[in-house]
Amino acid sequence: MTIKQVAEKAGVSVASVSNVVNGNYHKVSAETRRKIERIIEETGYTPNAMARSLATQESRIISLVIPYIGDVFTFNHNPYYAELIAELEKYVRFAGASAEDIRAVRQSLKCPAVFIDSYCADEGVVCVGIDDYRGGYLSAQHLLNNGHRKIAFAAPQFGTEGVIWQRYCGFCDACKEKGVAIAPEDIFAVDTIESNSVIAGNDIAMSPKKYTAVGVMSDLSACGIMQGLRQCGKAVPDDISVMGFDDLSLCNFSYPKLTTVSQDIRAKACRAGDLLLRMIRDKEELTAFEKISVKLVERDSVSKIK
């Protein structure tokens, strides 16, 4: 069904149908509006978004680019992206790109863009994230304050920039203040595929270093590690304490409930949406690098060394 066919069926002009579809009700009579709306409902007509964008020069479409989504990795594997997108959708009714990727994207884009969970201070780049360094610091500090000294660090593989690098630096600095070193063999690679995190939990449990705690840089991975620890006969937190990161809703449903570093995903999404709409509406060129604060949320997965 096309707009022309709707107009013919209603016995009105295409312009009248267009006015009703676009909410310009003052340009048509109430009777004509009701007739058109009835036919649209009966026929299931949906306006062609591309055609409308060509006519108005405004697509009113915001693109969201999410890394790592594919045949293996889906939203079911990591609810962080689902929660982030939900908050963005509520606000505007992006994430985790490297500085090199951002530069490549900015060169090819001819439209406003906000990068979420990314580190790039280039002119004309807008980034919104959290204080990842402090998050890593708080994670280690909490374990240290509870008497732990044999500590492992679990995170996706990382380089010398970006979210995980910042968390790692904060984690290591907190440990150094207490005379604790994080050696390369204390770092366990995990990703958001649960089975991989379970294997890391097995490795931590069986390590000759006899860890008493592990700081994990995502809640989902932390849950997988706890499962892996239990498979090897380790109790959480009595044998090994586990710290998470993000404060996703699953923290309250894990066993034990997960102690974690909380980031305000809603505040992050709203700030990203605010900056994006500011660039769209005001045609304003911005450079920004904003960090949302984080905090420790204590639950049941970390215990004191007796």
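Going by the structure above, here's the rest.
Residues numbered from 1 in each chain as written. Predicted model: local features only at pLDDT ≥ 70, side-chain atom pairs only at ≥ 80, totals over all residues. Heavy atoms only, no water.

**Student:** For this particular structure, what's the right way to read the nonpolar core?
**Tutor:** Most often, soluble globular proteins have nonpolar side chains that are buried together. Judged by nonpolar contacts, the single largest core of 27 residues is most densely connected at Leu143, Leu144, Phe153, Phe171, Cys175, Ile182 and Met217. Residue contributions to this core peak at 7 residues, all from helix 8 (residues 163-177). Setting aside its immediate chain neighbours within four residues, phenylalanine 171 contacts Gly136, Tyr137, Ser139, Ala140, Leu143, Ile151, Ala152, Phe153, Ile182, Gly215 and Met217. (Core = buried A, V, L, I, M, F, W, Y, C linked by side-chain atoms within 4.5 Å. Buried < 20%, exposed > 50% of the residue type's maximum accessible area, 1.4 Å probe, protein only. Helix = DSSP H or I, 4+ residues; strand = E, 2+ residues; numbered from the N terminus. Contact = heavy atoms within 4.5 Å.)

**Student:** How should I be thinking about the side chain of serine 303 in this particular structure?
**Tutor:** Looking at the secondary structure, you find serine 303 in the segment after strand 9 (294-297). Polar side-chain contacts of serine 303 include one of 3.0 Å to the backbone oxygen of proline 237. The contacts of serine 303, once residues within four sequence positions are left out, are Asn146, His148, Pro237, Asp238 and Ser241. (Polar contact = N/O pair within 3.5 Å; in protein donor to acceptor, adjacent residues only side chain to side chain.)

**Student:** Where do I start with the pattern of salt bridges in this structure?
**Tutor:** Any two side chains of opposite charge can pair if their charged atoms end up close together. Considering all chains together, one arrives at 10 salt bridges under this definition. In this structure, lysine 209 and glutamate 185 form a salt bridge, with 3.8 Å as the shortest nitrogen-oxygen distance. Placement of lysine 209 in the loop between helix 9 (194-206) and strand 5 (213-216) and of glutamate 185 in the loop between helix 8 and strand 4 (187-189) is noted, with a sequence separation of 24 residues between them. Take lysine 209: its relative accessible area is 35%, and that puts it in the partly exposed class. For aspartate 274, the salt bridge is made with arginine 271, and the minimal N-O distance between the two is 2.5 Å. Taken together, the residues span about one helical turn, with aspartate 274 and arginine 271 both in helix 11 (residues 265-282) at a distance of 3 residues. Take aspartate 274: its relative accessible area is 32%, and that puts it in the partly exposed class. Within this structure, Glu185, Asp186 and Lys209 form a network of salt bridges that share partners. (Salt bridge = Lys/Arg side-chain N within 4 Å of Asp/Glu carboxyl O.)

**Student:** For this particular structure, what's the right way to read the packing of aromatic side chains?
**Tutor:** Geometry of an aromatic ring pair is reported as the spacing of the ring centres plus the angle between the planes. Evaluation of the coordinates by the stated rule reveals 8 aromatic pairs. With a centroid separation of 5.8 Å and 85 degrees between ring planes, the pair formed by phenylalanine 188 and tyrosine 211 is classed as edge-to-face. With phenylalanine 188 in strand 4 and tyrosine 211 in the loop between helix 9 and strand 5, this pair connects stretches of sequence that are 23 residues apart. Phenylalanine 188 sits in the buried class, given a relative accessible area of 12%. Given the relative accessible area of 5%, tyrosine 211 is considered buried. What links up through ring pairs into an aromatic cluster is the set Phe153, Phe158, Trp165, Tyr168 and Phe171. Looking at arginine 167, its charged tip hangs above the ring of phenylalanine 245, at a distance of 3.7 Å from the centre. (Phe/Tyr/Trp six-rings, centres within 6.5 Å; stacked < 30°, edge-to-face > 60°. Lys NZ or Arg CZ within 6 Å of the ring centre and 35° of its normal.)

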